[in-house]
Amino acid sequence: MNITKYILNTMVLLPSIVLFFYVFPELVHVIDVVPFAVITALPIIKRFLPKKHQEDVYLLALLVIAILVLVSFLVDLNLIADSRFVSLFRIPLDTQTFITLFISVSSVSVIEGILARNVNRAVSALFVSILPLLDQVFTVFLMTQGLSYFAALSEAYSYQFISILALIFTGSTNIDGVKFPPPLSTFQSPLNSFVLVAMIIAIIGFILYFILVVDDRHRSETVSLMSAPIFVGAVIGVITFAAIVILESVNLQLLGGAVAVMATLIYMSRSSPERRRKRQKKKATVISK
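Asker: Tell me what's going on with the overall build of the protein chain, and back it up with residues and numbers.
Answerer: Within the protein chain, the regular secondary structure consists of 15 helices and two strands. Here the protein chain holds 289 residues, and 36% of them are scored as buried. Contacts in the protein chain between residues far apart in sequence, at least 24 positions, make up 68% of those at least 6 positions apart. Carbon and sulfur atoms provide 71% of the accessible area of the protein chain, an area that totals close to 16900 Å².

Structure follows, in structure tokens:
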């Protein structure tokens, strides 16, 4: 049963996995590989520890990183001397370190999602892991246009910042007639099709979890209760395909598909049988009091 759960969790995390393997061949030349490997291994190391200490792994990791950053910052400000002992706790406070930590969040989230005890945690891991990767997708695209990684990263964030400012202050992505569309909507890539397929598989994995993994006692209830979320998901799908036709004119079809998938997953998670039973149990407890 655990193997089935891991397979379904992997299906849910597939969009992030696709993005990760797309950007990592370029990032491996940019990030600090050893710290990245150590941080990425934390979810696996954590599971070999006694249960009472497992939740302390990430807290300890954050504490170590905070100490390294603080010591490096104080040395850079000449507030403490850079001795041989202090140098053991120094890390470069540069873009490379930032990207290493940033991408490590995605890799840790993907592994945590695959090893999660339930599908709700897998969905949470999908949300956390996919956001840093989307920025890197556009960065890698700019690199194919002849830019270095760090120049591409700077340009990608500049595009994104200007697009957000335009949306906030003008209500659109236009400033004085000049368009500043979201970065991911300005280029077409073969990756788009793979991501859309991965999102569909993620929804299928989410549905199969409640059919295959829940205990036998609640299985019939689960299957019957899943009909409403599936129906709503189908309605969202119809609306999405209609919206994509409209969004194609402004190159936002991928964004529309991603929003629809996220909306479907959130709705199904909130209306899942497990959540329903918890709400009923909580309600019964309140009434009994």
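Asker: Which residues make up the side chain of Lys 46, and what are the values?
Answerer: Structurally, the position occupied by Lys 46 is in helix α4 (residues 42–46). Apart from residues lying up to four places away in sequence, Lys 46 is in contact with Gln 54, Glu 55, Val 57, Tyr 58 and Glu 112.

Asker: Can you lay out the nonpolar core for me, pointing to particular residues and giving the numbers?
Answerer: Residues Val 12, Leu 13, Leu 19, Leu 27, Ile 99 and Tyr 149 are the most contacted members of the largest nonpolar core, which totals 37 residues. Broken down by secondary-structure element, the contributors of at least two residues to this core are α1 (2–12), α2 (14–27), α8 (95–114), α9 (119–143), α10 (149–170) and α11 (191–212). Ranked by residue count, the leading element in this core is α9, at 12 residues. The contacts of Ile 99, once residues within four sequence positions are left out, are Leu 27, Ile 31, Gln 136, Tyr 149 and Leu 153.

Asker: Which residues make up the packing of α2 against α11, and what are the values?
Answerer: For the pair α2 and α11, the least separation of the axes is 7 Å and the interaxial angle reads 155°. Classed by the angle they form, the pair α2 and α11 counts as roughly antiparallel. The segment α2 lies against α11, with Leu 14, Pro 15, Val 18, Leu 19 and Tyr 22 engaging Leu 191, Phe 194, Val 195, Ala 198, Met 199, Ile 201 and Ala 202.

Asker: Can you lay out the packing of aromatic side chains for me, pointing to particular residues and giving the numbers?
Answerer: Counted by the stated rule, this structure contains eight aromatic pairs. Pairing Phe 20 with Phe 24 gives two aromatic rings, centres 5.1 Å apart and planes at 20°, and the pair type is stacked. With Phe 20 and Phe 24 both in helix α2 and four residues apart, the pair spans about one turn of that helix. Classification of Phe 20 by relative accessible area gives buried; the value is 14%. Both rings, one in Tyr 149 and one in Phe 150, keep their centres 5.3 Å apart while their planes meet at 80°; by these two values the pair is edge-to-face. Its relative accessible area of 5% is what places Tyr 149 among the buried residues. Members of the aromatic cluster, connected to one another through ring pairs, are Phe 20, Phe 21, Phe 24 and Phe 36.

Asker: Report on the confidence of the model for the protein chain, specifying residues and quantitative values.
Answerer: For the protein chain, per-residue confidence averages 76 on the pLDDT scale, and 65% of positions sit at 70 or higher. For the protein chain, helix α12 (residues 216–225) is the element with the lowest average pLDDT, namely 51, and helix α3 (residues 33–40) is the one with the highest, namely 92.

Asker: Mind laying out the environment of Glu 26, listing which residues take part and the relevant values?
Answerer: Following the sequence through the fold, Glu 26 ends up in helix α2. Taking the C-alpha atoms as reference points, Glu 26 and Val 140, separated by 114 residues in sequence, lie 7.1 Å from one another. Beyond its immediate stretch of four places on either side in the chain, Glu 26 contacts Val 140 and Met 143.

Asker: Give me the lowdown on unusual backbone geometry, citing residues and values where you can.
Answerer: Of all residues except glycine, most have a negative phi; of all peptide bonds, most are trans. At Asn 78, a residue that is not glycine, the phi angle is positive and equals roughly 60°. Tracing the backbone through its elements, the reader meets Asn 78 in the loop between α6 (56–76) and α7 (84–87).

Asker: Provide a residue-level description of α1, including the pertinent values.
Answerer: Along α1, the residues that are buried comprise Lys 5, Leu 8, Asn 9, Met 11 and Val 12. Relative to the axis of α1, the buried residues are bounded by an arc of 155° and lie together on one face. Where α1 is buried, its residues contact α2, α8, α9 and α11.

Asker: Explain the side chain of Gln 136 residue by residue, including any values.
Answerer: For Gln 136, the position within the fold is in helix α9. For Gln 136, a relative accessible area of 0% translates into the label buried. Each residue touching Gln 136, except ones within four places of it in the same chain, is listed here: Val 23, Leu 27, Ile 99, Phe 102, Ile 103, Tyr 149 and Leu 153.

Asker: Can you lay out the packing of α1 against α11 for me, pointing to particular residues and giving the numbers?
Answerer: Where α1 meets α11, the closest approach of the two axes is 7 Å, and the angle between their N-to-C directions is 150°. Considered as vectors, α1 and α11 are oriented roughly antiparallel to each other. Note on packing geometry: the crossing formed by α1 with α11 is left-handed. Between α1 and α11, the contacting residues are Thr 4, Lys 5, Leu 8, Met 11 and Val 12 on the first element and Ala 198, Ile 201, Ala 202, Ile 204, Gly 205, Phe 206, Leu 208, Tyr 209 and Leu 212 on the second. Taken together, the residues that form the contact of α1 with α11 break down as 11 nonpolar, two polar and one charged.

Calculation rules
- Residues numbered from 1 in each chain as written.
- Predicted model: local features only at pLDDT ≥ 70, side-chain atom pairs only at ≥ 80, totals over all residues.
- Heavy atoms only, no water.
- Helix = DSSP H or I, 4+ residues; strand = E, 2+ residues; numbered from the N terminus.
- Buried < 20%, exposed > 50% of the residue type's maximum accessible area, 1.4 Å probe, protein only.
- Contact = heavy atoms within 4.5 Å.
- Areas by Shrake-Rupley, 256 points an atom, 1.4 Å probe, with all protein chains shown as cover.
- Core = buried A, V, L, I, M, F, W, Y, C linked by side-chain atoms within 4.5 Å.
- Axes fitted to C-alpha atoms, helices over the stretch in contact; angles between N-to-C directions.
- Parallel < 35°, antiparallel > 145°, perpendicular 65-115°, else oblique.
- Phe/Tyr/Trp six-rings, centres within 6.5 Å; stacked < 30°, edge-to-face > 60°.
- pLDDT = per-residue confidence, 0-100.
- Arc of directions from axis to C-beta.
- Left-handed = near helix turned anticlockwise from the far one by under 90°.
- Nonpolar A, V, L, I, M, F, W, Y, C, P; charged D, E, K, R; others polar.

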